[in-house]
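Listed below, chain by chain, are the residues.
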Amino acid sequence: MKDYEMVIGLEVHCELQTATKIFCGCSTKFGGAPNTHVCEVCSGMPGTLPTLNKKVVEFAVKAGLALNCDITRKNKFDRKNYFYPDLPKAYQISQLYFPICRNGHVDVKTSEGMKSIGIHEIHMEEDAGKLVHDPVTGMTMVDFNRCGVPLLEIVSEPDFRSAEEVIAYLTKLRDTMQYLGVSDCKMQEGSMRADVNLSVRPVGQKEFGTRTEMKNIASFKAIERAIEYERDRQIDLIEEGGTVVQETRRWDDEKEYTYAMRSKENAQDYKYFPDPDLMPLEISEEYIENIRANLPEFADAKRERYVSQFGLPEYDAEIITGATTLVDVFETATEMTDQPKDVSNWIMTDLLKLCKDNHVAAEDMEFDGKKLGAIINLVNEGKVNRKTGRQVLEKCFTEDIDPAEYIEKNGLAQVSDTSAIEPVIKQVLDENPKPVSEFLAGSEKNFQFLVGQSMRALRGKADPQAVRTVLTKLLDEMR
Amino acid sequence: MEITQDLVRYLEALGRIELSPEEEVKTQKDLADILGYIDKLGELDTAGVEPLSHAAGRTNITREDVVINGDMQEQVLSNAPETKDGTILVPRTFD
Ligand SMILES: [Zn+2]
């Protein structure tokens, strides 16, 4: 058998985090009752006119600059015509002739080193509505709430040669969008969707093979499996003397195979033409440069800085910069405490454990870094010990409480005043005559036992250093 | 471009509509007339004329990203032939 290589290109749709839809003032909020975020514009009533949402342009330019694209100065919108009930106007407003961003690239890290993936273009467009089959009536139920929600479609060059490169690229794309605050890119919730164009060719052959397209695969894991399945299917077909047909195939995640969609759904003849309802959009050099100057620091740069400036371990920096929620917590708490390594340790050992215990993905976590900062300060000032700090953090994770107030109200403050703990420790010594006499006879290990007993008697609130000091003093007096 | 009967039927398929034989004949003629008119415009000498991106001559008509629409479900559904649980019911579109 010959050696084959895959050629893959991706079309990724990211839903933008705007408050309103791309062409009307309807809310983009997720999960409303059907057709409650719909107006005459996004339901395609005759005679209505779309008006472009400013924020969509800003987000598109941000994304384009972050992905090293040229920004198109003179933009237009075009109609992509197709007839399907999820699209009330019978056309989708998109950009065919003058997409807002072109000629970009993304550098991704793979096991074989860095690789640059070309971005062919990014265009602005509107999402379609949702169709649900109704088993009772046998009909299709249509909800237009998502109809008109702004999307960026990011079209890559056919530069991928492995599933690993695809996943690395998608991860980088997602991180970039999240750092920019333009899209949360959650595949499971449909705010990031990927179409995979895949062909195979014998190694060394210049021409591309015939490609198939796999649409809307819903997770990174599924994309990886779908790519591997489709590669094997195409190679087997060619090896058996068949030919690959250019078609759209669906990935069945449960049965783990791809299948061709009906030919009718495959008919792709959208008869694009410029949308006369929308005026051209001109983007000035000044506008672009202003956005460029205000781009945030991205994951790669942040990770390097966390290691070089703060001395975090490479692994910790990687984990923290992998979710903007963790970055927020890290930077807020570091600002408050000036103890980056401490903060990183608390995140890596305690916060991530809390996420896991509460079944929350780190990127979905809603936790205010100020609380962690306050707790770390309280521990470092000796107001509470590490163990109490951890308990308070646990409380803060699920409830909206102020750490200092909570400690005060529940009497969790550490006792470091030696005069306050001395009577308690004295009593501990009285109650443990045997360990005391053994210690005095030279058995050093009994000291640790007495520290433990004292901490318990003080219900863990005492500063361990203060306990040791008092204990040493009292025992010395008994010699 | 010649408007053939096959082309008319292809457009019917794309538009998910079905025309009667009489309507097909009429549509074929109408489309040919429209394209003929456009061809006429094509005869004009436009060398040296900068392409116009829009007839209205305006640019950058945008709005702020502020929600102004509330729940209009009732009005939205009032045009639908059939509804259920807030959705519009249409003929089955799934396999
Ligand atoms: Zn609307």
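For the structure, check the block above.
Residues numbered from 1 in each chain as written. Chains lettered and ligands numbered in written order. Predicted model: local features only at pLDDT ≥ 70, side-chain atom pairs only at ≥ 80, totals over all residues. Heavy atoms only, no water.

Participant: I keep staring at the packing of aromatic side chains and nothing clicks. Help me out?
Facilitator: All names here are of chain A. Evaluation of the coordinates by the stated rule reveals eleven aromatic pairs over all chains. Ring plane angle 40° and centroid distance 5.9 Å describe the contact between Y306 and F310, whose orientation is recorded as tilted. Note that Y306 and F310 are positioned in helix α6 (residues 299-310) at a spacing of four residues, about one turn of the helix. On the basis of relative accessibility, which here comes to 0%, the residue Y306 falls in the buried class. Note on Y306 and F330: the rings are 4.6 Å apart at their centroids and 45° apart in plane angle, and the pair reads as tilted. Of this pair, Y306 sits in helix α6 while F330 sits in helix α8 (residues 324-337), placing them 24 residues apart in sequence. The exposure classification of Y306 matches that of F330, with both residues buried. The ring of Y270 carries the charged tip of K80 above its face, separated from the ring centre by 4.3 Å. Cation over ring: R386 sits above W346, and NZ or CZ is 3.9 Å from the ring centre. (Phe/Tyr/Trp six-rings, centres within 6.5 Å; stacked < 30°, edge-to-face > 60°. Helix = DSSP H or I, 4+ residues; strand = E, 2+ residues; numbered from the N terminus. Buried < 20%, exposed > 50% of the residue type's maximum accessible area, 1.4 Å probe, protein only. Lys NZ or Arg CZ within 6 Å of the ring centre and 35° of its normal.)

Participant: Would you mind showing me how to read the side chain of N432 of chain A here?
Facilitator: Within the secondary structure, N432 of chain A sits in the loop between α13 (418-431) and α14 (433-440). Discounting residues that sit within four places of it in the chain, N432 of chain A has contacts with F449, L450 and Q453 of chain A. (Contact = heavy atoms within 4.5 Å.)

Participant: Before we go on, may I ask you to explain the sheet that holds strand β11 (residues 150-156) of chain A in this structure?
Facilitator: For sheets, the rule is that strands pair by backbone hydrogen bonds, running either parallel or antiparallel. Residue and element names in this part refer to chain A. In space, the nine strands of this open sheet follow the order β3-β7-β8-β11-β1-β12-β13-β14-β15, with mixed pairing throughout. Across the chains shown, the open sheet's two edge strands, defined by having one partner strand only, are β3 (70-71) and β15 (257-260). Bridge count for strand β13 (residues 212-217) against strand β14 (residues 248-252) is two bridges, and the pairing is parallel. Residue pairing for β14: E213 is matched across the bridge by T248. (Pairing = 2+ DSSP bridges.)

Participant: Any chance you could explain the packing of helix α2 (residues 163-180) of chain A against helix α3 (residues 220-239) of chain A here in plain terms?
Facilitator: Two quantities define a packed helix pair, namely the angle between the helix axes and the distance between the axes. Residues and elements named next belong to chain A. Between α2 and α3, whose axes approach to 9 Å, the crossing angle comes to 155°. Viewed along their axes, α2 and α3 adopt a mutual orientation that is roughly antiparallel. The handedness of the crossing between α2 and α3 is right-handed. Only F220, I223, E224, I227 and E228 of α3 make contact with α2, whose side of the interface consists of A163, V166, I167, L170, T171 and R174. A class-by-class count of the residues in the contact of α2 with α3 yields seven nonpolar, one polar and three charged. (Axes fitted to C-alpha atoms, helices over the stretch in contact; angles between N-to-C directions. Parallel < 35°, antiparallel > 145°, perpendicular 65-115°, else oblique. Left-handed = near helix turned anticlockwise from the far one by under 90°. Nonpolar A, V, L, I, M, F, W, Y, C, P; charged D, E, K, R; others polar.)

Participant: Would you explain the coordination of the zinc ion in this entry?
Facilitator: In a perfect tetrahedron of four donors around a metal, the angles come out at 109.5 degrees. In a perfect octahedron of six, they are 90 or 180 degrees. Residues and elements named next belong to chain A. Protein-derived ligands of the zinc ion are C24 (SG), C26 (SG), C39 (SG) and C42 (SG), with the metal-ligand distances lying across 2.3 to 2.4 Å. Each of the four donor atoms bound to the zinc ion contributes to angles spanning 99 to 115°, and the resulting shape is tetrahedral. Read N to C, the donor residues that coordinate the zinc ion are spaced as C-x1-C-x12-C-x2-C. As far as burial versus exposure is concerned, C39 and C42 are alike and both buried. (Donors = N, O, S within 2.8 Å, 3.2 Å for Na, K, Ca; no water. Tetrahedral: all angles 85-135°; square planar, octahedral: opposite > 155°, others 65-115°.)

Participant: How do you make sense of unusual backbone geometry when you look at a structure like this?
Facilitator: When glycine is set aside, most residues are seen to have a negative phi, and most peptide bonds are trans. Residue H359 of chain A is not a glycine yet carries a positive backbone phi of 55°. You can see H359 of chain A is positioned in the loop between α9 (340-357) and α10 (369-380). Despite not being glycine, D85 of chain B has its phi angle at roughly 50°, a positive value. Within the secondary structure, D85 of chain B is located in the loop between β2 (83-84) and β3 (87-90). Judged by its relative accessible area of 61%, D85 of chain B falls in the exposed class.

Participant: Explanation requested: α3 of chain A in the structure shown.
Facilitator: An α-helical segment advances 3.6 residues per turn. Residues three or four places apart therefore align on the same side. Residue and element names in this part refer to chain A. Its 20 residues give α3 an end-to-end C-alpha distance of 29 Å, which sits within 8% of 28 Å, the value for a rise of 1.5 Å per residue. Taken as a whole, α3 has its buried residues at F220, A222, I223, A226, I227, E230, R233, Q234 and I235. Those residues of α3 hidden inside the fold are in contact with β1 (4-15), α2, β12 (192-202), β13, β14 and β15. Looking one or two residues beyond α3, the residue adopting positive phi is G241, at roughly 90°. (Expected span 1.5 Å × (residues − 1).)

Participant: Teacher, can you tell me more about the sheet that holds strand β5 (residues 78-81) of chain A here?
Facilitator: All names here are of chain A. Across the sheet, three strands lie side by side as β6-β5-β16; this open sheet has antiparallel pairing. With one partner strand each, in any of the chains shown, β6 (91-94) and β16 (273-274) form the two edges of the open sheet. As judged from the four bridges shared by β5 and β6, these two strands associate in the antiparallel manner. Of the residues in β6, the one forming a bridge with D78 is S94.

Participant: Got a minute to help me understand the interface of chain B and chain A in this structure?
Facilitator: A common way to report how large an interface is uses the accessible area buried once the components associate. Contacts between chain B and chain A engage 40 residues on the former and 49 residues on the latter. A combined buried area of about 3,900 Å² lies between chain B and chain A, and 58% of that area is made up of carbon and sulfur atoms. The residue K54 of chain A makes a salt bridge to E64 of chain B at a minimum N-O spacing of 2.6 Å. Counting the contacts that link chain B with chain A gives 21 residue pairs in polar contact (both at pLDDT 80 or more). Listing elements by their share of the side of chain B that touches chain A, those giving two or more residues are α1 (5-15), β1 (62-63), α3 (73-78) and β3 of chain B. Here the side of chain B that touches chain A is built from residues that sort into 16 nonpolar, 13 polar and eleven charged. Bridge count for strand β2 (residues 52-53) of chain A against β1 of chain B is two bridges, and the pairing is parallel. Directly across from L52 of chain A, in β1 of chain B, lies its bridge partner T62 of chain B. (Buried area = accessible area lost by both parts, 1.4 Å probe. Salt bridge = Lys/Arg side-chain N within 4 Å of Asp/Glu carboxyl O. Polar contact = N/O pair within 3.5 Å; in protein donor to acceptor, adjacent residues only side chain to side chain.)

Scope: geometric values only; no functional claims are made or implied.
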